[in-house]
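What follows is each chain in one-letter form.
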Amino acid sequence: MTRQQLKELCDKITLEEKIGMVHGDEFFATKGVERLGIPPFRFSDGPMGVRLDYREDEWIPIGMTYDESSYLPCNTAIAATWNRELASECGRILGKEARGRGKDMILAPGVNLLRSPLCGRNFEYMGEDPCLAAEMVVPLIQGVQEYDVSACVKHYALNNQENERMSVNAQVSERALRELYLPAFEAAVTRGGSLGIMGAYNRFRGTHCCHHGYLLDEILRKEWGFEGICVSDWGGIHDTVEAGNVSMDIDMSVTDDFDDYFFGKPLQEAVENGDVSMEKLDEKVMHILYVMNELHMLDGKRNPGGYNDYRDKEKLLKAAEEAVTVLRNDKGILPLAIDRERNEGKTVLVIGDNANRKHSVGGGSSEIKGLYEMTPLLGITMAAGGNVKVLYERGYEADTNGNIWAPSGNGENGQADSLNSDQEQPAQEHKPDELNMEMAERALKAAETADYVIFVGGLNHDYDTEGRDMLDMRLPYGQDELIGRLLKIRPDAVIVLQCGTPVELGAWADEAATIVHVSYSGMEGGHGLANVLFGLAEASGRLTFTFPVKLSDTPAERFASERESEPIKGQTDYLEDIFVGYRYYETFGVKPRFPFGHGLSYTDITLDAMDVKQDQGSDQCRVRVMLTNRGSRRGAQVVQIYAGKEQSTVKRPAKELKAFEKVWLAPGESCTLTFLLTREQFAYYNETEKKMVTEPGEYQIMAGISVENIMLTGSVTF
Ligand code: BGC
């Protein structure tokens, strides 16, 4: 339909019908206008798959089998692949299944920046760098939308903490907002073409994000030209007239008094008495009709989507493999030298609760009733094969009763409770650090005689969870003590840490020869991990966030602890400003445990040469990087291009990621990558001129395989 036809359709809708379209009539759907052929609009969470269905007006799962779905790698894991094609494949699976289940908008992906390792929801986002997040979110969204399902990038904006998330006021400079916190949202909308965006719960400069004229009208609609649907986070609207008068289109919430939602009867009254104009309401309806039209909801030509096939399983396995990040492999213990074919009678001892735990059912609204979930223990057992004996010891006790979210809705009021703003979730208690001695001793005893020892611990969705943050970065359940003792007996033990946010390594940190990081990587997660450990797949994941040595090293903590003024209750001041993640560690000379972008391969791919060419007076430069696989295995490298400006009139991070590419090379193979960088990519946000500005002068160009490991440097002058 043309814009004119949509307008004509809009004109036929009565006030009451329009009101039905702009607020929830069920927990996950609005009302349609049957007489005009306008269907209801149906939502589902995201991002780890299409969420199980709840009853329309009670937080009780429908309890059927048709809402099982593929369990996808969480966004942190997808980003850790640094592989745009895999992001797009994951998006396609999500879109296809969402559409198959009759959904119109999938509430994903999430791109809030990892500002502090303590944020409970970091696993749902794409790490600490705006360029990486922007590059990965675009293909993911495009993949979803191929199936006539709208993506919904969330949570716009600055939902960087879970504690007090319904009310906290994020106080952040315009520069940090523009350079760090908005680019991934902008890319999602302008390049990814996301048809949906979700307003965040928190406040920004005193105003709730769902009421925010500057965020919604000025930036989103005017600057970025967004024409799609802006939906509130569930319960994110607090005032009818304020939210009604900005470009917030749909009011969704968690209570069953649908007519009384802010955009229900109250909005109808506000329109009737002129507090919100009919024009403003029409704008909202037009956004909804525009998206419906784009999704072919009005013309009967819609992609049916549907069930995934065996090839999707392969793609999810590939994503799970490429998300595995080998952080340390000092003695070349990985890949494990196990001969699957011959019956060597060898034993592999697997220790740790995460080896045997399924994570799909946890985490909050991203919970999934997965088709299946391969645990690391199952993956390792299959990868080792029947000629090798796999033994399991839990080693420590993970008491996971603390999950505030009722996994699969077993709690009394499920999501509603966790969202009631008057009853904020209690802050996470300090993590339990008592080691269950009986379990530990059994594991340590078994470790004495096993041929190979693999520890799989880390966090779980009691910590990596919606609704609350962590109080510290340490490993729970006494794992540090267990790992320390294990490494004394078995210095060759492989330590796998599964977590969606960086953790602090205990006193054992320097003792371990082999450390691997993996996030929650979907239903093929355990399979992918095992394949990498056994060398059946190559190690190719890279960190999307810095692993700091300790919490007090993190910029958010450091600046908060050094502040002189009294903090204001209910407000978080982003005192570190533009120095988030590696931008801080690199600029302030704070050595992290593992740097951003780091990850080892099983082969040796080095960057040999770089040239930076800029045509006279041109506004762009071409960076060519030559690399060679000098090892004896096929493998991947992620070439990362950073820029810096030593002579600058404003403060600037020492390095900022500008481009990257993942390449696979056979032994002995070389290749040349070309990156095109435009002048705009070197800009900073000038608060006086209120725009991005590229200062004239020389910029350093650094090519490396992590933000720390820069192998080649050059420069360009604009
Ligand atoms: C979460 C959103 C989610 C919504 C609907 C909220 O609690 O913050 O991410 O999409 O619930 O379940």
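The paragraphs below set out a description of the structure included in this document. (Residues numbered from 1 in each chain as written. Predicted model: local features only at pLDDT ≥ 70, side-chain atom pairs only at ≥ 80, totals over all residues. Heavy atoms only, no water.)

With that settled, consider the packing of aromatic side chains. Taken as a whole, this structure holds 29 aromatic pairs when the rule is applied. With centroids separated by 5.6 Å and ring planes inclined at 35 degrees, the aromatic side chains of Phe28 and Trp234 adopt a geometry described as tilted. One end of the pair, Phe28, is in the loop between strand 1 (24-26) and strand 2 (29-30); the other, Trp234, is in the loop between strand 11 (229-232) and helix 9 (240-244), with 206 residues separating them in the sequence. Judged by its relative accessible area of 14%, Phe28 falls in the buried class. Taken together, a centroid distance of 5.4 Å and an interplanar angle of 70 degrees make the contact between Tyr181 and Tyr574 edge-to-face. Remark: Tyr574 occurs in the loop between strand 18 (571-573) and helix 19 (582-588) and Tyr181 occurs in helix 6 (residues 174-181); sequence separation between them is 393 residues. An aromatic cluster is defined as three or more aromatic residues linked by ring pairs; in this entry it consists of Phe27, Phe28, Phe41, Phe43, Tyr54, Trp59, Trp234, Phe258 and Tyr261. The ring centre of Tyr574 lies 4.0 Å from the NZ or CZ of Arg115, which sits over that ring. (Phe/Tyr/Trp six-rings, centres within 6.5 Å; stacked < 30°, edge-to-face > 60°. Helix = DSSP H or I, 4+ residues; strand = E, 2+ residues; numbered from the N terminus. Buried < 20%, exposed > 50% of the residue type's maximum accessible area, 1.4 Å probe, protein only. Lys NZ or Arg CZ within 6 Å of the ring centre and 35° of its normal.)

The next subject is the sheet that holds strand 11. With parallel pairing, the three strands of this open sheet are ordered in space as 6-8-11. Only two strands of the sheet have a single partner each, and these edge strands are strand 6 (153-156) and strand 11. Direction aside, the axes of adjacent strands within the sheet are offset by 30 degrees on average. Note: strand 8 (residues 196-199) against strand 11, four bridges, orientation parallel. Bridge pairing in strand 11 links Gly196 to Ile229. Running at roughly 140 degrees to strand 6, helix 7 (residues 183-190) makes contact with strand 6 and strand 8 of the sheet. (Pairing = 2+ DSSP bridges. Axes fitted to C-alpha atoms, helices over the stretch in contact; angles between N-to-C directions. Contact = heavy atoms within 4.5 Å.)

Right, let's get into the pattern of salt bridges. A pair can form between side chains of opposite charge whenever their charged atoms are brought close. Across all of its chains, the model carries 59 salt bridges by this definition. The partner of Glu227 in a salt bridge is Arg3, and the shortest N-O contact between them spans 2.7 Å. Taken together, the positions of Glu227 in the loop between helix 8 (213-223) and strand 11 and Arg3 in helix 1 (residues 3-12) put the pair 224 residues apart, joining distant regions of the chain. Classification of Arg3 as partly exposed rests on a relative accessible area of 46%. Put simply, Arg563 and Asp573 hold a salt bridge, and the shortest N to O gap is 2.9 Å. Of this pair, Arg563 sits in the loop between helix 18 (555-562) and strand 18 while Asp573 is found in strand 18, placing the two residues 10 residues apart along the sequence. Given a relative accessible area of 24%, Arg563 falls into the partly exposed group. Overlapping salt bridges, with partners in common, bring together Glu85, Glu89, Arg92, Glu146 and Lys315 in one network. (Salt bridge = Lys/Arg side-chain N within 4 Å of Asp/Glu carboxyl O.)

Here we take up the site of the ligand. Around the ligand, the surrounding shell holds 16 residues, and the nearest of these are Asp45, Arg121, His155, Asp233 and Glu466. Arg121 has a polar side-chain atom sitting 2.8 Å from an oxygen atom of the ligand. Within the side chain of Glu466, a nitrogen or oxygen atom sits 2.7 Å from an oxygen atom of the ligand. Starting from 310 Å² of accessible surface for the ligand in isolation, the protein chains cover 100%. (Near = heavy atom within 4 Å. Polar contact = N/O pair within 3.5 Å; in protein donor to acceptor, adjacent residues only side chain to side chain. Areas by Shrake-Rupley, 256 points an atom, 1.4 Å probe, with all protein chains shown as cover.)

Turning to helix 15 (residues 437-449), a few remarks are in order. For helix 15, which comprises 13 residues, the first-to-last C-alpha distance of 19 Å matches the rise-based estimate of 18 Å (1.5 Å per residue) to within 8%. Listing the buried residues of helix 15 in full gives Met439, Ala440, Ala443, Leu444, Ala446 and Ala447. Within helix 15, the buried residues cover an arc of 165 degrees as seen down the axis, which keeps them to one side. Residues of helix 15 that are exposed and point more than 90 degrees away from the buried face comprise Glu438, Arg442, Lys445 and Thr449. For helix 15, the secondary structure elements touched by its buried residues are strand 13 (347-351), strand 14 (389-393), strand 15 (452-458) and helix 16 (479-489). If you check the start of helix 15, you find a side-chain oxygen 3.1 Å away from the backbone N of Glu438, and it comes from Asn436. (Expected span 1.5 Å × (residues − 1). Arc of directions from axis to C-beta.)

A few words now on the pairing of strand 20 (residues 620-629). Where strand 19 (residues 605-613) lies against strand 20, eight bridges are found, and the strand directions are antiparallel. Each bridged residue has a counterpart across the sheet, and for Asp611 the counterpart in strand 20 is Arg624. In this antiparallel pair of consecutive strands, strand 19 and strand 20, the connection spans six residues, and Gly617 shows a positive phi of 65 degrees.

As for its position among the elements, Thr325 is in strand 12 (residues 325-329). Residue Thr325 is classed as buried on the basis of its relative accessible area, which comes to 1%. Within polar-contact distance, the side chain of Thr325 engages the backbone oxygen of Ala323 at 3.2 Å.

In space, the four strands of this open sheet follow the order 22-21-26-27, with antiparallel pairing throughout. At either margin of the open sheet sits one strand with a lone partner, and together these are strand 22 (656-665) and strand 27 (710-717). For this sheet the average axis-to-axis angle between neighbouring strands, irrespective of direction, equals 20 degrees. Summarising the sheet, strand 21 (residues 635-644) and strand 26 (residues 698-704) pair through five bridges and their orientation is antiparallel.

Here the focus is the packing of helix 6 against helix 8. Helix 8 packs onto helix 6 with a crossing angle of 50 degrees between their chain directions and a minimal axis gap of 15 Å. The angle between helix 6 and helix 8 places the two elements in the oblique class. Both helix 6 and helix 8 take part in a crossing whose hand is right-handed. On helix 8, the residues that touch Glu174, Leu177 and Arg178 of helix 6 are Tyr214, Ile219 and Glu223. Across the contact of helix 6 with helix 8, the residue classes tally to three nonpolar, no polar and three charged. (Parallel < 35°, antiparallel > 145°, perpendicular 65-115°, else oblique. Left-handed = near helix turned anticlockwise from the far one by under 90°. Nonpolar A, V, L, I, M, F, W, Y, C, P; charged D, E, K, R; others polar.)

On to helix 12 (residues 310-323), then. Across its 14 residues, helix 12 extends 20 Å between first and last C-alpha, which sits within 8% of the 20 Å expected from 1.5 Å per residue. Looking at helix 12, one finds that the buried residues are Asp312, Leu316, Leu317, Ala319, Ala320, Glu321, Glu322 and Ala323. Where helix 12 is buried, its residues meet helix 3 (75-80), helix 4 (84-100), strand 12, strand 17 (514-518), helix 17 (525-533) and strand 22.

It is worth spelling out the pairing of strand 26 at this point. Burial within strand 26 is extensive, with six of its seven residues counted as buried. Taken together, the seven bridges between strand 26 and strand 27 define a ladder with antiparallel strand orientation. When the bridges of strand 27 are listed, Gly704 appears paired with Ile710. Here strand 26 folds back onto strand 27 in antiparallel fashion, the turn holding five residues.

Moving on to the packing of helix 4 against helix 5 (residues 130-145). The description of two packed helices rests on the angle between their axes and on the distance between the axes. At a minimum axis distance of 6 Å, the contact between helix 4 and helix 5 shows a crossing angle of 35 degrees. Crossing of helix 4 against helix 5: the hand is right-handed. Packed against helix 4, whose contacting residues are Arg84, Ala87, Ser88, Gly91, Arg92, Leu94 and Gly95, the element helix 5 presents Glu135, Met136, Pro139, Leu140, Gly143 and Val144 at the interface. The class makeup of the residues in the contact of helix 4 with helix 5 is six nonpolar, four polar and three charged.

Here we take up the state of the cysteines. Taken as a whole and assessed by the stated rule, the structure comprises zero disulfides. Between Cys210, a free cysteine, and Cys230, which holds the nearest cysteine sulfur, the sulfur-to-sulfur gap is 6.7 Å. Cys210 sits in the buried class, given a relative accessible area of 0%. With no disulfide of its own, Cys499 lies closest to Cys74 among cysteine sulfurs, the gap being 10 Å. Residue classification places Cys499 among the buried positions, given a relative accessible area of 0%. (Disulfide = S-S within 2.5 Å.)

Shape descriptors only; they carry no functional weight alone.
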